Amino acid sequence: MSDKPVPRPSEDTAEFWDTCNDGRFLVQRCTDCGHERFYPAAVCPNCWNTEWEDIELDGNGSIESFTIVHRAPTEAFEEETPYVVALVTMGSDMTVMANVLAEPEEVSVGDAVELTWEDRDGQQLYQFELANR
Amino acid sequence: MWVCDGITHMGSTQQVAVTGIGESPIGSLPDMDSINLYAAACLEAVDDAGLEKDDIDGLVTGYSLVDPKLMHSTVVTDYLGLNLAYNESLRLGGATPFAGVCHAANAVRQGQCENVIVAFGDNRQTGFKKGDGVSSLATEVGHPEFENPFGPMVPSLYALIAQKHMAEHGTTAEELATVAVTCREHAAMRGAGQQTEPIDVNDVLASDMISSPLHKLECALISDCAGAVVVSSSEAAEETPSPIELTGYGEGHGSEYIHRRDELLQTPAAESGTTAFEMADRTPDDVDVAQLYDCFTITPLLLLEDLGFCEKGDGGQFVRERGITTDGDLPVNTHGGELSYAGAGVFHILEAVRQIRGDAAETQVDADLALAHGVGGVLSTNATLLMEGW
Ligand SMILES: [Zn+2]
């Protein structure tokens, strides 16, 4: 049992977290303007259309930026330090924050990463690892 | 000014003044709660303006993380026994007092009120020790579902910006550290505020790494403190001893969460700055001194770029080559900022007033135009203020 926060799904996000449990990473594509968005929401932030289709990402991304956390925000993360928090670009320029599960000194901006999963109290949480390693 | 049916409308052209500034004691003040700090700053600001309690007909306050109130400004109104025509509790993170001055100026120009106190503070140094404050701050800033499960510290969110700035523009750790060194130099010159012991770049880089590339000495102080200013109408200002003019102001607001930025290195400071400069009919070249929100060392670098003092990506180079000390091209944070004076942005506004008044003591520069800029969230909310002589 981890004390790390487990995502608490909302109306908007319940389906996303459910499909994570099947090992799939879904994002929404606006049926009007084509804008792809993450996180899940009932309104397109680009054009305010309220209809969308779900598309599944292939799990490949690249590191837009990262930081090595030495001082944990809460007790639950203390034993993990130092760990990597990254912004990863996926799909058509969406940005996702997650950990890169690698030795911090191996990580650089621009690195290719691929999706992996962490079981957090029964919820599959998307994470990344360095690709081709 | 325009005339309609024989009535002269001053409207948006009325001059607006900052007539008074005040601050509470600063540091670890276990005997003062958040409202005590607000009250101390408000009383001093009104006294500084040469006004009386009954002259105050407007109030804008921020909030308290340590001691939250549903209607914060109304609680302060109650505590100080005020009767108001304008009353606003504002919650825009570090941009709160800066945006508060914008709102107060608008209310004054609308004729809704004559003298508005804008105040901001909290007892975080004492309060965070007692409870779970730092944790609650940490979990309030990031997205609860899509950021916080991954354990970013608040500094991590700014560190992500700093890291990209370094990768994309070649910004160095030394350039970032120079921001902290300069703030400390100014606080040391003035001998006021929380941290006045001079430091050098090596000290900054040798301090504990919090979230790379940001070290402990690159993170704002956490303080018990409050600051306040009085924003007054042109007519009211004439009766006060040392008004300065708020010649321009503007706001720019974007996404709350860092993973939602279209451009990680681009901030809405560009919009708030443009609005303020257009209102004042000034350009960045005209600015003599800038008080730039400095929650972390990366913040002033981005603000130098987005407010138009240099090209995007050149913030580090600006600090290194042109200089932000009192003898540099653009003196920045002449009071010491949040990195050295006190952990609240409201003091940037007070310092801009002091520079225009000629009251900035050892760090006084030759200042006809002073800029103060505040940031809330992760460079999410922005407000820019421009001040000149009355
Ligand atoms: Zn759309």
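First, a word on what this report is: a plain description of the structure on this page. All figures in this text were calculated on a predicted structure; none of them were measured in a lab.

Re the overall build of chain B
Move 1: From N to C terminus, chain B includes 14 helices and 13 strands.
Move 2: Relative to the compact-globule value of 21 Å for 390 residues, chain B shows a C-alpha radius of gyration of 20 Å, a close match.
Move 3: Seen through its C-alpha atoms, chain B measures out along the principal axes to roughly 60 × 45 × 40 Å.
Move 4: Relative to its full complement of 390 residues, chain B shows a buried share of 63%.
Move 5: Relative to all contacts within chain B whose residues are 6 or more apart in sequence, the contacts with residues 24 or more apart total 75%.

Focus on the coordination of the zinc ion
Residue and element names in this part refer to chain A.
Move 1: Looking at the zinc ion, one finds its protein donor set to be Cys-30 (SG), Cys-33 (SG), Cys-44 (SG) and Cys-47 (SG), positioned 2.3 to 2.4 Å from the metal centre.
Move 2: Coordination at the zinc ion is tetrahedral, judged from the four donor atoms that bind it and the angles of 102 to 115° they form at the metal.
Move 3: Each donor residue of the zinc ion belongs to the same chain, and together they define the spacing C-x2-C-x10-C-x2-C. On the criterion of sequence distance, the pair formed by Cys-33 in the loop between β1 (26-30) and β2 (36-37) and Cys-47 in the loop between β2 and β3 (52-56) is long-range, its members being 14 residues apart.
Move 4: For Cys-47, a relative accessible area of 32% corresponds to the partly exposed category.

Looking at the pattern of salt bridges
All names here are of chain B.
Move 1: In the structure shown here, the tally under the stated rule is 21 salt bridges over all chains.
Move 2: Measuring nitrogen to oxygen at the nearest pair gives 3.2 Å for the salt bridge that ties Asp-122 to Arg-124. Residue Asp-122 shares its accessibility class with Arg-124, and that shared class is buried.
Move 3: Note that Lys-164 and Glu-168 form a salt bridge whose closest N and O atoms lie 3.8 Å from each other. Of this pair, Lys-164 and Glu-168 both sit in helix α6 (residues 154-169), separated by four residues, roughly a single helical turn.
Move 4: Through salt bridges with shared partners, a single network forms among Glu-23, Arg-190, Glu-351 and Arg-354.

What to know about the interface of chain A and chain B
By a widespread convention, an interface's size corresponds to the accessible area lost as its parts come together.
Move 1: At the interface, 37 residues of chain A touch 31 residues of chain B.
Move 2: For the pair chain A and chain B, the two sides together bury roughly 2,800 Å², of which 62% comes from carbon and sulfur.
Move 3: Per-residue buried area on chain A facing chain B is highest for Tyr39(A), Arg71(A) and Met97(A); these three make up 25% of the total on that side.
Move 4: The tally of links between chain A and chain B comes to two salt bridges.
Move 5: Close ionic contact of Arg71(A) with Asp208(B) constitutes a salt bridge, the shortest N to O distance being 3.8 Å.
Move 6: Remark: the boundary between chain A and chain B carries 14 residue pairs in polar contact (both at pLDDT 80 or more).
Move 7: Secondary-structure elements contributing two or more residues to the side of chain A that touches chain B are α1 (14-20), β4 (60-69), β5 (83-90), β6 (94-99) and β8 (123-130) of chain A.
Move 8: When residues of the side of chain A that touches chain B are assigned to their parent elements, the largest contribution, six residues, is made by β4(A).
Move 9: Taken together, the residues of the side of chain A that touches chain B break down into 24 nonpolar, nine polar and four charged.

Some points on the packing of helix α11 (residues 298-306) of chain B against helix α12 (residues 315-322) of chain B
A pair of packed helices is captured by two measures, namely the crossing angle of their axes and the spacing between those axes.
Residue and element names in this part refer to chain B.
Move 1: It is the contact of α11 with α12, at a shortest axis distance of 8 Å, that shows an interaxial angle of 95°. Between α11 and α12, the angle is such that the two are roughly perpendicular. Across from Leu-301, Leu-304 and Glu-305 in α11, the residues of α12 making contact are Gly-315, Gly-316, Phe-318 and Val-319.
Move 2: Its residues assigned to classes, the contact of α11 with α12 comprises four nonpolar, two polar and one charged.

Considering the packing of helix α7 (residues 173-190) of chain B against α12(B)
Residue and element names in this part refer to chain B.
Move 1: Closest axis-to-axis distance for the α7/α12 pair is 9 Å, and the angle between their directions is 60°. Helix-helix and strand crossings are classified by hand; for α7 and α12 the assignment is left-handed. In this structure, α7 uses Glu-175, Thr-178 and Val-179 to contact α12, whose residues at the interface are Gly-316, Gln-317, Val-319 and Arg-320.
Move 2: Within the contact of α7 with α12, the residues separate by chemical class into two nonpolar, three polar and two charged.

What to know about α12(B)
Because an α-helix completes one turn every 3.6 residues, residues spaced three or four positions apart along the sequence face the same direction.
Residue and element names in this part refer to chain B.
Move 1: Looking at α12, one finds that the buried residues are Gly-315, Gly-316, Phe-318 and Val-319. Projected down its long axis, α12 carries its buried residues within an arc of 165°, all on one side. Projecting away from the buried face of α12 at angles above 90 degrees are the exposed residues Arg-320 and Glu-321.
Move 2: The inward-facing, buried residues of α12 abut α7 and α11.

Digging into the side chain of Thr297(B)
All names here are of chain B.
Move 1: Position of Thr-297 relative to the elements: it lies in the loop between β11 (289-292) and α11.
Move 2: According to the relative accessible area criterion, Thr-297 is buried, its value standing at 0%.
Move 3: Polar side-chain contacts of Thr-297 include one of 2.6 Å to the side chain of Glu-218.
Move 4: Setting aside its immediate chain neighbours within four residues, Thr-297 contacts Leu-176, Val-179, Ala-180, Leu-214, Glu-218 and Leu-339.

Examining the sheet that holds β2(A)
Residues and elements named next belong to chain A.
Move 1: Read from one edge to the other, the open sheet built from three strands follows the order β2-β1-β3, with strand pairing classed as antiparallel. On the outer flanks of this sheet lie β2 and β3, each paired with one strand and no other.
Move 2: The sheet contact formed by β1 and β2 spans two bridges and is antiparallel. The residue of β2 that forms the bridge with Arg-29 is Glu-36.

Looking at the environment of Gly374(B)
Residues and elements named next belong to chain B.
Move 1: Relative to the helices and strands, Gly-374 resides in strand β12 (residues 369-376).
Move 2: For Gly-374, a relative accessible area of 0% puts it in the buried group.
Move 3: Sequence separation of Gly-374 and Leu-385 is 11 residues, and the distance between their C-alpha atoms is 8.7 Å.
Move 4: Setting aside its immediate chain neighbours within four residues, Gly-374 contacts Gly-94, Ala-95, Phe-98, Tyr-293, Thr-381, Asn-382 and Ala-383.

Topic: the sheet that holds strand β3 (residues 16-23) of chain B
Residue and element names in this part refer to chain B.
Move 1: Taken in spatial order, the nine strands make up an open sheet running β5-β4-β6-β9-β3-β10-β13-β12-β11, and their pairing is mixed. Where the open sheet ends on each side, the last strands, each with one partner, are β5 (86-89) and β11. For this sheet, the mean angle separating the axes of adjacent strands, direction not counted, is 25°.
Move 2: Where strand β4 (residues 58-61) lies against β5, four bridges are found, and the strand directions are parallel. The partner of Val-60 across the bridge, within β5, is Glu-88.
Move 3: Of the strands in this sheet, β3, β6 (115-123), β9 (224-233), β10 (244-253), β11, β12 and β13 (381-389) are in contact with helix α14 (residues 346-357), which crosses β3 at around 115°.

What counts, and at which threshold
- Residues numbered from 1 in each chain as written.
- Chains lettered and ligands numbered in written order.
- Predicted model: local features only at pLDDT ≥ 70, side-chain atom pairs only at ≥ 80, totals over all residues.
- Heavy atoms only, no water.
- Helix = DSSP H or I, 4+ residues; strand = E, 2+ residues; numbered from the N terminus.
- Rg over C-alpha atoms; globule rule 2.2 N^0.38 Å.
- Buried < 20%, exposed > 50% of the residue type's maximum accessible area, 1.4 Å probe, protein only.
- Contact = heavy atoms within 4.5 Å.
- Donors = N, O, S within 2.8 Å, 3.2 Å for Na, K, Ca; no water.
- Tetrahedral: all angles 85-135°; square planar, octahedral: opposite > 155°, others 65-115°.
- Salt bridge = Lys/Arg side-chain N within 4 Å of Asp/Glu carboxyl O.
- Buried area = accessible area lost by both parts, 1.4 Å probe.
- Polar contact = N/O pair within 3.5 Å; in protein donor to acceptor, adjacent residues only side chain to side chain.
- Nonpolar A, V, L, I, M, F, W, Y, C, P; charged D, E, K, R; others polar.
- Axes fitted to C-alpha atoms, helices over the stretch in contact; angles between N-to-C directions.
- Parallel < 35°, antiparallel > 145°, perpendicular 65-115°, else oblique.
- Left-handed = near helix turned anticlockwise from the far one by under 90°.
- Arc of directions from axis to C-beta.
- Pairing = 2+ DSSP bridges.

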